[in-house]
Amino acid sequence: MDEMKMDRNASRRARGRPRAWDDKSSQNTIKSLDRAMAVFEHLSTQSGVSLSALSEQLGESTATLYRILFTLETRGLVEFDQAQQLWHIGPGAFIIGARFLRRTSLVERARPVLRQLMEETGETANLGVEKSSNVLFVSQVETHANIRAFFPPGTLSPLHASGIGKALLAFMEEAQCDRILKRSSLERFTEHTLCDPETLKDDLGKIRARGYSIDGEEKNLGMRCIAAPVFDNYGEVVAGLSVSGPTSRVSADKIDALAASVKEAAKALTIALGGEVTQPRT
């Protein structure tokens, strides 16, 4: 019996991970692959960069970088603009990212909720999560209106200047929130951006009390966003849902009605995830 159990365990390791899986030492790192991924990740943050500029930014030789980029290019992960002599992230990266999103329960379950929220409010509906002290937008259903907010999947935005970001900050553990705010620059984008930590914390308290946040032109003038938190089965905030649009349509007199729709959508997604609906708190 013990031998059969050992055989089964060995079989599982062969199919999934080796015995040394938990060993994170450098001996289990493929250094050339790690270097290539560092280049790939850095390039993904750029809107196009020359080989010489990339060499300066990463402190690598142009010869080494060219070999890495050429290899990634053969897989479609990066591409070269011959006219401008600039390297860009490639379509292969999007394809891989899209495959990840398809297997992510949060994104899958959010799609019908986002679609219904957009149809109900007439404004663009967004889904975002916290990533490296930013909001990472992972899904969106655009409004049919000509003037619209646009946050394509993969877009990063500062937490303190985002409706979803402030909803996440307001409902995450206080210690986590404090750590994020301490290492954040709280950059000013408009005259409405909350750059003072105490002013921001006061706003977060109001968000917890009413159950939704408002980005009142804090990132972009003329745009307003209303967001609410989504919770998992542990009652922890895992995402935020929002509607966003121009202040001409998302006007002050419509905030209450839009906020009610957003909160209901966030509640529906929370339930769909098997999560615990958290009541507004002070």
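Residues numbered from 1 in each chain as written. Predicted model: local features only at pLDDT ≥ 70, side-chain atom pairs only at ≥ 80, totals over all residues. Heavy atoms only, no water.

Chemist: Help me understand the packing of aromatic side chains, please; the structure alone is not making it clear to me.
Modeler: To describe a pair of aromatic rings, one takes the distance between the centres and the angle between the planes. Evaluated as defined, the whole model comprises four aromatic pairs. Judged by centre distance (4.8 Å) and plane angle (40 degrees), the rings of Phe80 and Trp87 are tilted. A relative accessible area of 27% means that Phe80 is categorised as partly exposed. For Trp87, a relative accessible area of 3% puts it in the buried group. Three or more aromatic residues joined by ring pairs make a cluster, and in this case those are Tyr66, Phe70, Phe80 and Trp87. Taking the ring centre of Tyr212 as reference, the NZ or CZ of Arg210 above it sits at 4.9 Å. (Phe/Tyr/Trp six-rings, centres within 6.5 Å; stacked < 30°, edge-to-face > 60°. Buried < 20%, exposed > 50% of the residue type's maximum accessible area, 1.4 Å probe, protein only. Lys NZ or Arg CZ within 6 Å of the ring centre and 35° of its normal.)

Chemist: Can you walk me through unusual backbone geometry in this structure?
Modeler: Among all residues except glycine, the phi angle is most often negative; among peptide bonds, the trans geometry is most common. Of note, Gln85 is a non-glycine position whose phi angle comes to about 60 degrees, a positive value. Within the secondary structure, Gln85 sits in the loop between β1 (78-81) and β2 (86-89). A positive phi is found at Ser132, a non-glycine position, where the angle reads about 50 degrees. For Ser132, the location among the structural elements is in the loop between β3 (124-131) and β4 (134-141). (Helix = DSSP H or I, 4+ residues; strand = E, 2+ residues; numbered from the N terminus.)

Chemist: Quick question: what am I supposed to make of the confidence of the model for the protein chain here?
Modeler: Parts of the prediction with low pLDDT should not have their coordinates interpreted in detail. The predicted model of the protein chain has a mean per-residue pLDDT of 87, with 86% of residues at 70 or higher. The secondary-structure element of the protein chain with the lowest mean pLDDT is helix α1 (residues 2-15), recorded at 49, while helix α7 (residues 163-171) shows the highest, at 97. (pLDDT = per-residue confidence, 0-100.)

Chemist: Help me out: how do you make sense of the sheet that holds β4 in this one?
Modeler: Read from one edge to the other, the open sheet built from six strands follows the order β5-β4-β3-β8-β7-β6, with strand pairing classed as antiparallel. Of all strands in the sheet, those bounded by a partner on one side alone are β5 (156-158) and β6 (213-216). Adjacent strand axes in the sheet meet at a mean angle of 35 degrees when their direction is disregarded. Across four bridges, β6 lies against strand β7 (residues 223-231) in antiparallel orientation. Within β7, the position partnered with Ser213 by the bridge is Ala227. Contacting β3, β6, β7 and β8 (237-246), helix α10 (residues 255-272) runs over the sheet at an angle of about 30 degrees to β7. (Pairing = 2+ DSSP bridges. Axes fitted to C-alpha atoms, helices over the stretch in contact; angles between N-to-C directions. Contact = heavy atoms within 4.5 Å.)

Chemist: Looking at this model, I keep getting lost on the environment of Val129. Mind explaining?
Modeler: Residue placement: Val129 occurs in strand β3. In contact with Val129, other than residues within four places in its own chain, are Leu106, Asn134, Val135, Leu136, Val138, Leu168, Val238 and Ala239.

Chemist: It is not clear to me how the pattern of salt bridges should be interpreted in this structure. Could you clarify?
Modeler: Any two side chains of opposite charge can pair, given that their charged atoms come close. Evaluated as defined, the whole model comprises six salt bridges. A salt bridge links Arg249 to Glu123; the shortest N-O distance between them is 2.7 Å. Of the two residues, Arg249 is situated in the loop between β8 and α10 and Glu123 in the loop between α6 (105-121) and β3; the sequence distance between them amounts to 126 residues. Using a relative accessible area of 4% as the deciding quantity, one classes Glu123 as buried. For Asp202, the salt bridge goes to Lys206, with nearest N and O atoms at 3.5 Å. Of the two residues, Asp202 and Lys206 both sit in helix α9 (residues 197-210), four residues apart, roughly one turn of that helix. The class of Lys206 is partly exposed, set by a relative accessible area of 45%. Put simply, Lys166, Asp203 and Glu218 are held in one network by salt bridges that share partners. (Salt bridge = Lys/Arg side-chain N within 4 Å of Asp/Glu carboxyl O.)

Chemist: Where do I start with helix α4 (residues 62-74) in this structure?
Modeler: Quick reminder: α-helices carry 3.6 residues per turn. Residues three or four places apart thus point the same way. Look at α4: 18 Å from first C-alpha to last across 13 residues, which is about the 18 Å you get at 1.5 Å a residue. Those residues of α4 that fall on the buried side of the exposure criterion are Thr64, Leu65, Ile68, Leu69 and Leu72. The arc that holds the buried residues of α4, viewed along the axis, is 125 degrees, so those residues lie on one side. When the buried face of α4 is taken as reference, the exposed residues oriented beyond 90 degrees from it are Arg67 and Thr74. On its buried side, α4 packs onto α2 (31-43), α3 (51-58), β1 and β2. Trailing α4 by a residue or two, Gly76 shows a phi angle of about 80 degrees, which is positive. (Expected span 1.5 Å × (residues − 1). Arc of directions from axis to C-beta.)

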